[in-house]
Amino acid sequence: MPALRNARATSAGGVVHRSRQSGVQIVLGHRREPALWALPKGTPHAGETREETALREVHEETGLDLVIEPPIRSVSYVFVRGRTRFHKTVHFFLMRPVGGDVSRHDREFDEIHWLDLDEALELMTHATERALVEEAAEMIAGRPEGAPHAAAGQAVT
């Protein structure tokens, strides 16, 4: 049996959050087949920065208009597709909505949901994304209400 080919892949995405009286809510995408609850993310177009990719992909997958906030961190993992072993890195940013509607999401996910943080953490499929959301929650909790965002970007419409 021939050895697997190695390849690198990069994506960018975000933890979209909002505050409610009940606490912090985040956006998760849900896919029925195969079953998945995950953060929105995707692959860059040629010439895009990580931030541009994250804003575009999260907008497409959620239907929300967004402002990018500070980076959270990157997640790396390995998966095999066909005869290729991919070493993938996904760069995640905090994001907040400034408009749009989750009903306008693309077909990447069957549904997009705003979920209370605890419920989202219970539903999430990938442990690495769960840990990332916990870090994002700490970042959000540590920022004084109304404080400017360290790396505010521009809205995607």
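Definitions and limits used
Residues numbered from 1 in each chain as written. Predicted model: local features only at pLDDT ≥ 70, side-chain atom pairs only at ≥ 80, totals over all residues. Heavy atoms only, no water. Helix = DSSP H or I, 4+ residues; strand = E, 2+ residues; numbered from the N terminus. Buried < 20%, exposed > 50% of the residue type's maximum accessible area, 1.4 Å probe, protein only. Phe/Tyr/Trp six-rings, centres within 6.5 Å; stacked < 30°, edge-to-face > 60°. Lys NZ or Arg CZ within 6 Å of the ring centre and 35° of its normal. pLDDT = per-residue confidence, 0-100. Contact = heavy atoms within 4.5 Å. Pairing = 2+ DSSP bridges. Polar contact = N/O pair within 3.5 Å; in protein donor to acceptor, adjacent residues only side chain to side chain. Salt bridge = Lys/Arg side-chain N within 4 Å of Asp/Glu carboxyl O.

Draft legend 1. Layout of the environment of Ala35. Take Ala35: it is sitting in the loop between β2 (23-31) and β3 (36-38). Relative accessible area serves as the criterion here: at 62%, Ala35 is assigned to the exposed category.

Draft legend 2. Region of interest: unusual backbone geometry. Across the junction of Glu33 and Pro34, the peptide omega takes the value -15°, indicating a cis bond. Topologically, Pro34 is positioned in the loop between β2 and β3.

Draft legend 3. Geometry of the packing of aromatic side chains. Tallying each qualifying case throughout the model produces two aromatic pairs. When the centroid spacing of 5.0 Å and the interplanar angle of 15° are considered together, the rings of Phe79 and Phe86 count as stacked. For Phe79, a relative accessible area of 23% translates into the label partly exposed. Each residue in the set Tyr77, Phe79 and Phe86 is aromatic and connected to the rest through ring pairs, giving one cluster. When the ring centre of Trp114 is taken as reference, the NZ or CZ atom of Arg18 above it lies at 4.0 Å.

Draft legend 4. Region of the structure containing the confidence of the model for the protein chain. Confidence in the prediction for the protein chain averages 89 pLDDT; 90% of positions are at 70 or higher. Across residues 144-157 the pLDDT falls below 50, and counting only partners more than four positions away or on other chains, this stretch makes 24 contacts in the model.

Draft legend 5. Structural detail: the pairing of strand β5 (residues 64-81). Inspection of the sheet shows β5 paired to strand β6 (residues 84-100) by 15 bridges, in the antiparallel sense. In the sheet register, Asp65 faces β6, and the bridge partner there is Gly99.

Draft legend 6. The arrangement of the side chain of His17 in detail. Mapped onto the elements, His17 comes out in strand β1 (residues 5-20). A polar contact is formed between the side chain of His17 and the side chain of Glu69, at a distance of 2.6 Å.

Draft legend 7. Local environment of the pattern of salt bridges. Counted under the stated rule, the structure contains 10 salt bridges. Between Lys41 and Glu129 there is a salt bridge whose closest N-O contact spans 2.8 Å. With Lys41 in strand β4 (residues 41-42) and Glu129 in helix α3 (residues 127-142), this pair connects stretches of sequence that are 88 residues apart. Pair check on accessibility: Lys41 and Glu129 agree, each one buried. With a shortest N-O distance of 3.5 Å, Glu60 and Arg56 are connected by a salt bridge. You can see Glu60 and its partner Arg56 sitting in helix α1 (residues 50-62), four residues apart, about one turn around the helix. The class for Glu60 is partly exposed, based on a relative accessible area of 30%. Shared partners join several salt bridges into a network, and the residues in it are Glu48, Arg56, Glu57 and Glu60.

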